[in-house]
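Chain residues, written in single-letter form:
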Amino acid sequence: MKVAVLDDYGDTLRTLACFSRLAGHEVKIWTDHVQDTGRLAERLKDAEALVLIRERTQIRAPLLRRLPKLRLISQRSVYPHIDVDACTELGIVVCSNLHPGTPSYATAELTWGLILAAQRRIPQQVSSMRAGKWQSEIGNTLRGKTLGIFSYGRIGAVVAGYGRAFGMQVVAWGREPGRERARADGYAVARSKEEFFAGCDIVSLHMRLVDATRGIVTAADLARMKPTALLVNTSRAPLIEPGALLAALRAGRPGMAALDVYEEEPLLDTGHPLLNMPNVVCTPHIGYVSREEFELQFSDIFDQIVAYAAGAPVNVVNPGALARARPQG
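Just so you know, the residues in each chain are numbered from 1, in the order the chain's sequence is written. Where local features are concerned, this predicted model is filtered to residues with pLDDT of at least 70; where side-chain atom pairs are given and counted, the filter is 80 or more; whole-chain, interface and lining totals use all residues. Each side-chain value is derived from all of the structure's non-hydrogen atoms; neither hydrogens nor water enter the calculation.

Participant: How should I be thinking about the pattern of salt bridges in this particular structure?
Facilitator: Where charged atoms from two side chains of opposite charge approach closely, those side chains can pair. Any carboxyl oxygen of Asp or Glu within 4 Å of a side-chain nitrogen of Lys or Arg constitutes a salt bridge here. Taken as a whole and assessed by the stated rule, the structure comprises 16 salt bridges. With a shortest N-O distance of 2.7 Å, Asp32 and Arg43 are connected by a salt bridge. In this pair, Asp32 is assigned in the loop between β2 (26-29) and α1 (37-43) and Arg43 in helix α1, connecting sequence segments 11 residues apart. Three exposure classes are used, based on accessible area relative to the maximum for each residue type with a 1.4 Å probe and protein chains only: buried under 20%, partly exposed in between, and exposed over 50%. What makes Asp32 partly exposed here is its relative accessible area of 32%. For Arg43, a relative accessible area of 19% corresponds to the buried category. Numbering of helices and strands starts at the N terminus; helices are DSSP runs of H or I of at least 4 residues and strands are runs of E of at least 2.

Participant: Sorry, what's going on with the pairing of strand β10 (residues 230-233) here?
Facilitator: Walk down a regular strand and you will see the side chains alternate between the two sheet faces. By the alternation rule, side chains of β10 split into Leu230 and Val232 and Leu231 and Asn233, which are all buried. At least two bridges found by DSSP between two strands is the condition for calling them paired. Bridge count for strand β9 (residues 202-205) against β10 is four bridges, and the pairing is parallel. In the sheet register, Ser204 faces β10, and the bridge partner there is Val232. Looking at chain direction, β10 and strand β11 (residues 256-259) are connected through four bridges and run parallel. When the sheet's bridge partners are listed, Asn233 is paired in β11 with Leu259. Crossover handedness is defined here as right-handed if the route from the first strand over the helix to the second strand goes clockwise, with the strands pointing away from the viewer. In terms of handedness, the path from β10 via helix α10 (residues 244-251) over to β11 forms a crossover that is right-handed.

Participant: Mind showing me how you'd approach empty space enclosed by the protein here?
Facilitator: Any space left empty among the atoms is revealed by the rolling of a water-sized probe across them. Think of a 1 Å grid over the protein atoms and nothing else: a 1.4 Å probe that fits but is trapped marks a cavity, an open set flanked by protein within 12 Å on at least five of seven lines marks a pocket, and residues with an atom within 4 Å of a point count as lining. Grid points are joined across faces, edges and corners, and a volume is the space filled by probe spheres set on the points. Summed over all chains, the structure comprises one cavity of 30 Å³ or more. One number sums up the size of the largest cavity: a volume of about 30 Å³. Taken together, Leu6, Asp7, Trp30, Asp32, His33, Val34, Leu40, Arg43 and Thr57 form the lining of the largest cavity.

Participant: Quick question: what am I supposed to make of the state of the cysteines here?
Facilitator: Cysteine sulfur atoms are paired as a disulfide whenever they fall within 2.5 Å. For the structure shown, the criterion picks out zero disulfides. Free cysteine: Cys95, not disulfide-bonded; nearest cysteine sulfur from Cys87 at 11 Å. Look at Cys95 and you get buried, because its relative accessible area is 0%.

Participant: Even after reading the chapter, I still don't get the packing of aromatic side chains, so can you show me in this structure?
Facilitator: Each aromatic ring pair is characterised by the separation of its centres together with the angle its planes make. In this scheme Phe, Tyr and Trp rings, the latter by its six-membered ring, pair at centre separations within 6.5 Å, and the angle between planes marks the pair as stacked below 30 degrees, edge-to-face above 60, and tilted otherwise. Per the stated rule, a full pass over the model turns up 10 aromatic pairs. Centre to centre, the rings of Phe150 and Phe197 are 6.0 Å apart; their planes meet at 80°, and the pair counts as edge-to-face. Of this pair, Phe150 sits in strand β6 (residues 146-150) while Phe197 sits in helix α8 (residues 193-199), and the two are 47 residues apart along the sequence. Take Phe150 and Phe197: they sit in the same class, and that class is buried. An aromatic cluster is present here, built from Phe19, Tyr288, Phe294, Phe298 and Phe302 joined pairwise through their rings. For a ring to carry a charge above it, either NZ of a lysine or CZ of an arginine must fall within 6 Å of the ring centroid while also lying within 35 degrees of the normal to the ring plane. Over the ring of Tyr288 we find Arg54, and its NZ or CZ is 4.8 Å from the ring centre.

Participant: It is not clear to me how the side chain of Gln297 should be interpreted in this structure. Could you clarify?
Facilitator: Within the element layout of this structure, Gln297 appears in helix α11 (residues 291-309). Residue classification places Gln297 among the buried positions, given a relative accessible area of 2%. Contacts are assigned to residue pairs that have any heavy atoms within 4.5 Å of one another. For Gln297, the residues in contact, after removing those within four places along its chain, are Arg54, Arg76 and Tyr288.

Participant: Can you walk me through helix α7 (residues 176-184) in this structure?
Facilitator: One full turn of an α-helix is made of 3.6 residues, so residues set three or four places apart face in the same direction. Those residues of α7 not exposed but buried are Gly178, Arg179 and Ala182. Along α7, the residues classed as buried sweep out an arc of 100° about the axis, all on the same side. Close packing links the buried residues of α7 with β7 (169-173) and β8 (188-189). This arc corresponds to the set of directions leading from the helix axis out to the C-beta atoms.

Participant: Whenever I open this one, the layout of surface pockets confuses me. Can you help?
Facilitator: By volume, the second largest pocket is sized at about 320 Å³. Lining the second largest pocket are 18 residues, and of these Ala237, Tyr262, Glu263, His272 and Leu274 sit closest to its centre. Top element by residues in the lining of the second largest pocket is α10. It accounts for three residues. Three classes are used, and their members are as follows: Ala, Val, Leu, Ile, Met, Phe, Trp, Tyr, Cys and Pro are nonpolar, Asp, Glu, Lys and Arg are charged, and the others, Gly among them, are polar. Looking at side-chain class alone, the lining of the second largest pocket contains 11 nonpolar, three polar and four charged residues.

In structure tokens:
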């Protein structure tokens with residue numbers, strides 16, 4: 001099959017051990033980001049299989065209708081960026097392993113790295129030393145502080161465990177099933193959302209972006225946080241009310257943020273306010289971007305292509321497309 005890969009920013013996939021699974025297929029990798037429908041249609045005009053790296057590119061009906069040779073989209077995890085109904089109508093099979101019960105340890109580890117970086121002012125100290133200065137400012141320890149997990153799902157539970165290991169008091173908030181799991185694991189649960197944001201020294205967001213969670217963190221929630229508190233987001237930027245975080249940081253509540261996700265990605269504008277605030281640590285959405293995580297994810301993604309090519313597709317999201325599947329070109 002002719003396989004196209006979008007948004008491999010670091011040109012990493014061809015260096016993975018699992019890339020050999022695509023031996024015998026013709027693979028084209030794009031390392032930049034394009035969202036324009038016309039440009040994507042030109043790039044993908046000959047593609048029979050399309051590999052997506054999470055939600056980096058939106059795949060909607062206007063684009064799909066301009067890709068007559070496309071038969072398969074292979075990816076991993078949730079798929080709000082794909083118009084699955086249009087795929088079904090056009091006979092394009094979508095395969096995506098949802099890996100139930102398996103957290104992204106890479107994302108949990110980055111979350112903890114951001115917490116340490118922000119609390120101990122690590123980026124500032126590195127910059128200071130490179131400028132010939134010594135011990136430019138003082139940070140804070142984590143032991144004895146209160147870590148808030150919103151919400152207690154797969155990744156949130158792992159981060160909570162890190163907090164416990166560091167001697168922190170862990171408090172959970174979120175939907176009732178998550179609160180019940182947190183209680184069962186021995187963690188405290190806040191009595192209300194208001195108490196949660198007001199009482200925590202660090203609030204870390206860990207939930208999927210769906211209609212019910214979009215904007216779930218409001219300006220009022222942020223305003224309740226301590227002026228010494230840290231807000232961490234390695235999930236999705238739209239979980240926070242648009243514009244609320246920037247305004248809150250300027251107002252001093254919370255006093256700091258550590259971010260891996262943004263309202264528009266990739267964020268390449270060096271003049272963006274978040275990139276120029278001394279109380280904000282930013283990374284370029286690398287939560288799941290580790291070699292080990294990529295080997296895990298793309299083993300699934302490439303296996304889905306191999307299975308489809310062999311006539312036995314797996315992890316099919318839209319089985320209705322199988323009856324309408326496009327013939328091999």
